[in-house]
Amino acid sequence: MAGRRRPRSRALSEPLVIVGNGMAAARLVDELVKTSLGRYAIAVIGEEPRLAYNRVLLSSVLAGETASHDIELRSADWFRDRGVTLKYGCRATEIDVGRRELKIAGDESIEFSRLVLATGSSPLRLNVPGADLQGVHTFRDTRDVDLLLTLAARKKPVVVVGGGLLGLEAAYGLAKTGTPVTLLHLMDRLMERQLDAAAADLLKTLVERKGIKVMLNANTARIVGETAVEGVELTDGTLIHADAVVLAAGIRPNTALARDAGLSVNRGVLVDDAMQTSASDIFALGECAEHRGICYGLVEPAYEQASVLAGHLAGRSAAYKGSVVATNLKVSGVSVFSAGDFLGADGSEAILLSDVKRGTYKKLVISDGRLTGAVLIGDTADALWYLEMIRARKTIAAIRKDMMFGRALAVQAKAA
Ligand SMILES: Cc1cc2nc3c(=O)[nH]c(=O)nc-3n(C[C@H](O)[C@H](O)[C@H](O)COP(=O)(O)OP(=O)(O)OC[C@H]3O[C@@H](n4cnc5c(N)ncnc54)[C@H](O)[C@@H]3O)c2cc1C
């Protein structure tokens, strides 16, 4: 068809197989077609029965703000036009490292010269009695969201376990439909990995204003019910009536394929700065990978890794040195942003602005004359500006006195 790019003859191309058709895989393909179209015959093997989609937007789908079919990252035509073979609804079951073969459920196998693992993570199931009862859900993929939407339509009480980003977004999506929601969190504050105590307190107040009941220090002892969920019992004996439970209490990298193949695995599949695993020509990226002791649970690091890996596969020298991560709640009805050293390490100082009545909180952490962390609640308009400053590690002396009041004022004052 006119205007379509033709891949070079596949006979000359090396077979590059990507396991997983999620966000990291999709970005890697995007990068590879820019840098190495024709060098590799790319095949993507994905277990989910649909094209790669923007998983981050599942929260918006649950909250009724986006349609499920609108979150696809690329069309089937896009892949086909670039000569990428897509197999979805197929689970890769085994890597034969010596023979350079990947086995796929149903006895098929596919040869590779380079293999990339982009298998993501799975939600943690709670290790408590009742965790397998009917009515216990997770929040990871389209199928989960379809089930949660059915649940929301019934408007029966639901307990969400986990007061991190996922749990808050699940709770909000359900509460928005009129479902009575109780959010249980094991720790003494919400989003403890992203927020300091004052910010978490304010977030709790704002979330409760949305009609969500929040219980902190809430340790689930068991999920109660005969065959289906009837409630949740906490270790202090408190019983909360519920018709369903949503588990959003963490994720575990999908490493079984790598581990069974004899690759080095810790929490995630171990990779070096070129995203290479312990086996040559086998790489890993995204949530399944562990780099310098860190398994990232966010999309931005996966995209940075995809860019480095594509460079490496294109023959350029490229190294991934780790990411400065930022988190923002998209659909809690409350704007929240956190990046970098949000607590403030020893020797750092913090500039604070807190207005509980208006629902705003701002904390900027400064160390060695540089912005090293930020927490914003309520007004997050300048979040990206702060994030760029944290990443650039530039000195902030010229704007320090005004930076708390936002980009517009600080830039104006600097120019004056
Ligand atoms: C509801 C929700 C909201 C989120 N919000 C944010 C956010 O606001 N910001 C943010 O940065 N991140 C967010 N995340 C996290 C973000 O989606 C992930 O970090 C990102 O998707 C990771 O990409 P990945 O490709 O590593 O894994 P995934 O996107 O999970 O893709 C992995 C794919 O591999 C497939 N797979 C696994 N094993 C096999 C196998 N053996 N064979 C074939 N296929 C296999 C899986 O089925 C899956 O499709 C959110 C996640 C969820 C669930």
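See above for the structure.
The paragraphs below set out a description of the structure included in this document. (Residues numbered from 1 in each chain as written. Predicted model: local features only at pLDDT ≥ 70, side-chain atom pairs only at ≥ 80, totals over all residues. Heavy atoms only, no water.)

Along its length, the protein carries 10 helices and 25 strands. Expected size for 416 residues packed as a compact globule is a radius of gyration near 22 Å; at 23 Å, the protein falls within 12% of this value. With respect to the three principal axes, the spread of C-alpha positions in the protein is 70 × 65 × 45 Å. For the protein, the residues scored as buried account for 49% of the 416 residues in total. Just so you have it, the protein exposes about 19,300 Å², and 49% of that area is on carbon and sulfur atoms. (Helix = DSSP H or I, 4+ residues; strand = E, 2+ residues; numbered from the N terminus. Rg over C-alpha atoms; globule rule 2.2 N^0.38 Å. Buried < 20%, exposed > 50% of the residue type's maximum accessible area, 1.4 Å probe, protein only. Areas by Shrake-Rupley, 256 points an atom, 1.4 Å probe, with all protein chains shown as cover.)

A word on the state of the cysteines. On inspection of all chains with the given rule, the structure shows 0 disulfides. Note on Cys288: no disulfide assigned, nearest cysteine sulfur contributed by Cys295 at a separation of 8.8 Å. Taking relative accessible area as the criterion, Cys288 reaches 0% and is therefore assigned buried. Looking at Cys295, the relative accessible area reads 19%, which means it is buried. (Disulfide = S-S within 2.5 Å.)

So, on to the environment of Glu65. Along the chain, the position of Glu65 falls in the loop between α2 (58-62) and α3 (76-81). The exposure class assigned to Glu65 is partly exposed, which follows from its relative accessible area of 44%.

The 3 strands are arranged β4-β5-β6 in an open sheet whose pairing can be described as antiparallel. Each end of this open sheet is capped by a strand with a single partner; those strands are β4 (92-96) and β6 (108-111). Adjacent strand axes in the sheet meet at a mean angle of 25 degrees, parallel and antiparallel pairs treated alike. With 4 bridges connecting them, β4 and strand β5 (residues 101-104) associate as antiparallel partners. Across the sheet, residue Ala92 finds its bridge partner in β5, namely Ile104. (Pairing = 2+ DSSP bridges. Axes fitted to C-alpha atoms, helices over the stretch in contact; angles between N-to-C directions.)

The quantities given are spatial measurements derived from coordinates; they are silent on function.
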